[in-house]
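# Structural description and commentary
Listed below, chain by chain, are the residues.
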Amino acid sequence: MIRYCDLKKITESHEPQLTEAVNRVIQSGWYILGNEVKTFEQEFAEYCGCSYCIGTGNGLDALTIIMLAYREMGVMQEGDEVIVPANTYIASLLSILQAGLKPVLCEPEWESCNIDPGKIEELITPRTKAIMAVHLYGRCANIPQIEGIAKRHSLKIIEDSAQAHGAMIDGKRTGNLGDAAGFSFYPGKNLGALGDGGAITTNDKELASTARAIANYGSEKKYINTYKGVNSRLDEIQAAVLSVKLQRLDADNERRRAIAERYNAGISNRLVKTPSIEKREEHVFHIYPVFCEQRDKLQKHLLERGIETLIHYPVPPHKQEALGEYASLALSITERIHYEELSLPCNPTMSDSDVTAVIEAVNSFKG
Ligand SMILES: *Cc1c(COP(=O)(O)O)cnc(C)c1O
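Now for a look at the structure at hand. What you are looking at is a predicted structure, and each value in this text was computed from that prediction instead of being measured.

Taking burial as the measure, the 5 residues of strand β2 (residues 81–85) include 5 buried ones, the bulk of the element. Taking every second residue as pointing to the same face, both faces of β2 are buried, with Glu81, Ile83 and Pro85 on one and Val82 and Val84 on the other. Bridge analysis of β2 against strand β3 (residues 102–106) gives 5 bridges, and the strand direction is parallel. Within β3, the position partnered with Glu81 by the bridge is Lys102. Between the parallel pair β2 and β3, the chain is carried across by helix α5 (residues 90–98), and the sense of this crossover is right-handed. In terms of strand pairing, β2 meets strand β4 (residues 128–134) through 3 bridges, oriented parallel.

Written out as structure tokens, the structure is:
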């Protein structure tokens, strides 16, 4: 059986360093906001090429806290609008709602599955304050074009980098491509903890200090509360784990790219569309998506041959019961992606023969 993502195998591949790191924290007697978090924040800021990194409890909170900070700074008011790709994971939309703002859904491009810059401007109103650029599947959103739009209309760019640790445009990494970015360290992400975790990165000093306070009860100084904050902190054990795993992130991403290139070269089934790869560094293949009109049949075909696949995502946000107010929107590209997408296994623990087996199984699908 080729598992979609074998977390046990991934964790074992980082031993004994992970166990050593966890034991170090256990023995230190200090578990919240200590040296491990400080060290990881510095390392991750440096990795992204950013001035500031603030650990958070998870990726959803990282995004939410960015917008709560903008509200405290007077940049955004309750009910302001944030443009977000309609085919993203629901967390992107929920973060906007949790910050008291309104998500405005924009269609993606069929080719890249990222927000279509050509469709952003028609959605801008006097209340639009930001564009959320989601780097879906690990592929950078079209930041050069989004930047032009944001400049013309004085909008913030908030990156949802939860799937794209390490991806680059023109030598600049995600986390450093907009005004602020939210990362997730959910175990299955390209940089994953052994539990929940997240981070905000930014070069904006005021945003960094406001977000840091909000994540810690709105407090900059112990027992002195400046804002009505939340409790969302990266903990010491997860920070120690992430420092270990960060050291291999570039090598792991390189392995994902190599697998994706083998898939693109080897899959030659006219029923299955593979993703285009324009510039290598722009994509870290958190997910390797293929598209097939008979997606469910293809998934069954692969499973019968011992290959586990996933769907990202089976139901688009605007068709979820939780977001019933968006149900009447006509979003044909978003819906097509959700009907046709299938994610093939693509992670650093796969062997070359696993990759060959996946290619052969996909090519043997007759519909
Ligand atoms: C995983 C993910 C999130 C949320 O991260 P959590 O750590 O699970 O809260 C947000 N956006 C996208 C695109 C994601 O894939």
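Another aspect to go through is helix α2 (residues 17–28). The end-to-end C-alpha distance of α2, which contains 12 residues, comes to 16 Å, matching closely the 16 Å that a straight helix rising 1.5 Å per residue would cover. Taken residue by residue, α2 has Leu18, Ala21, Val22 and Val25 as its buried positions. End-on view of α2: buried residues confined to an arc of 95 degrees, all on one side of the axis. Two residues or fewer after α2 comes Gly29, characterised by a positive phi angle close to 75 degrees.

Another point: the environment of Met76. The topology assignment puts Met76 in the loop between α4 (59–72) and β2. Sequence-distant contacts of Met76, defined by excluding residues within four places in its chain, comprise Met67, Tyr70, Arg71, Leu101, Lys129, Ala130, Lys156 and Ile158.

Once that is clear, we can look at the sheet that holds β2. The mixed open sheet is built from 7 strands, whose spatial order is β1-β9-β8-β5-β4-β2-β3. The open sheet is flanked by β1 (52–56) and β3, the only strands paired with a single partner. Taken over all neighbouring pairs, the strand axes of this sheet differ in orientation by 25 degrees on average, direction set aside. Most of the contacts of helix α3 (residues 35–48) go to β1, to which it runs at about 130 degrees, and overall it touches β1, β8 (180–184) and β9 (198–202). Those strands touched by α4 are β1, β2, β4, β5 (156–160), β8 and β9, and its axis lies near 160 degrees from that of β8.

This paragraph deals with the site of the ligand. Surrounding the ligand, one finds Asn58, Gly59, Leu60, Tyr89, Ala91, Asp160, Ala162, Gln163, Ser184 and Lys189. Contacts to the ligand include Gln163, whose side-chain N or O atom sits 2.8 Å from an oxygen atom. If the ligand stood free it would expose 380 Å²; the protein chains cover 90% of that surface. Class assignment for the residues of the shell around the ligand results in 4 nonpolar, 4 polar and 2 charged.

Formed by 44 residues in total, the largest nonpolar core has its most connected members in Met67, Tyr70, Met132 and Ile158. Excluding residues within four positions of it along the chain, Tyr70 makes contact with Val75, Met76, Lys156, Ile158, Asp179, Ala180 and Leu207. Counting 24 residues, the second largest nonpolar core, distinct from the first, contains Val272, Leu344, Ile359 and Val362.

Turning to unusual backbone geometry, a few remarks are in order. Most peptide bonds take the trans configuration, and most residues that are not glycine carry a negative phi. Of note, the bond from Glu15 into Pro16 is cis; its omega dihedral lies within 30 degrees of zero at 5 degrees. When you line up the elements, Pro16 lands in the loop between α1 (7–12) and α2. Residue His312 is joined to Tyr313 through a cis peptide bond whose omega torsion reads 10 degrees. With respect to the element layout, Tyr313 can be found in the loop between α10 (295–304) and α11 (332–340). With a phi close to 50 degrees, Ser154 is a non-glycine residue in the positive phi region. Looking at the secondary structure, you find Ser154 in the loop between α6 (143–153) and β5. On the basis of relative accessible area, Ser154 is assigned to the exposed category, the value being 64%. Phi is positive for Tyr217, close to 65 degrees, though the residue is something other than glycine. Here Tyr217 lies in the loop between α7 (205–215) and β10 (219–221).

Before going further, it helps to examine the environment of His312. Tracing the backbone through its elements, the reader meets His312 in the loop between α10 and α11. Once the C-alpha coordinates of His312 and Tyr137 are considered, the two residues, 175 residues apart in sequence, prove to be 8.7 Å apart. With residues near it in sequence (within four places) discarded, His312 still touches Tyr4, Tyr137, Ile287, Glu341 and Ser343.

What counts as what
- Residues numbered from 1 in each chain as written.
- Predicted model: local features only at pLDDT ≥ 70, side-chain atom pairs only at ≥ 80, totals over all residues.
- Heavy atoms only, no water.
- Buried < 20%, exposed > 50% of the residue type's maximum accessible area, 1.4 Å probe, protein only.
- Helix = DSSP H or I, 4+ residues; strand = E, 2+ residues; numbered from the N terminus.
- Pairing = 2+ DSSP bridges.
- Right-handed = clockwise from strand over helix to strand, strands pointing away.
- Expected span 1.5 Å × (residues − 1).
- Arc of directions from axis to C-beta.
- Contact = heavy atoms within 4.5 Å.
- Axes fitted to C-alpha atoms, helices over the stretch in contact; angles between N-to-C directions.
- Near = heavy atom within 4 Å.
- Polar contact = N/O pair within 3.5 Å; in protein donor to acceptor, adjacent residues only side chain to side chain.
- Areas by Shrake-Rupley, 256 points an atom, 1.4 Å probe, with all protein chains shown as cover.
- Nonpolar A, V, L, I, M, F, W, Y, C, P; charged D, E, K, R; others polar.
- Core = buried A, V, L, I, M, F, W, Y, C linked by side-chain atoms within 4.5 Å.

Spatial relationships are all this shows, so hold off on functional conclusions.
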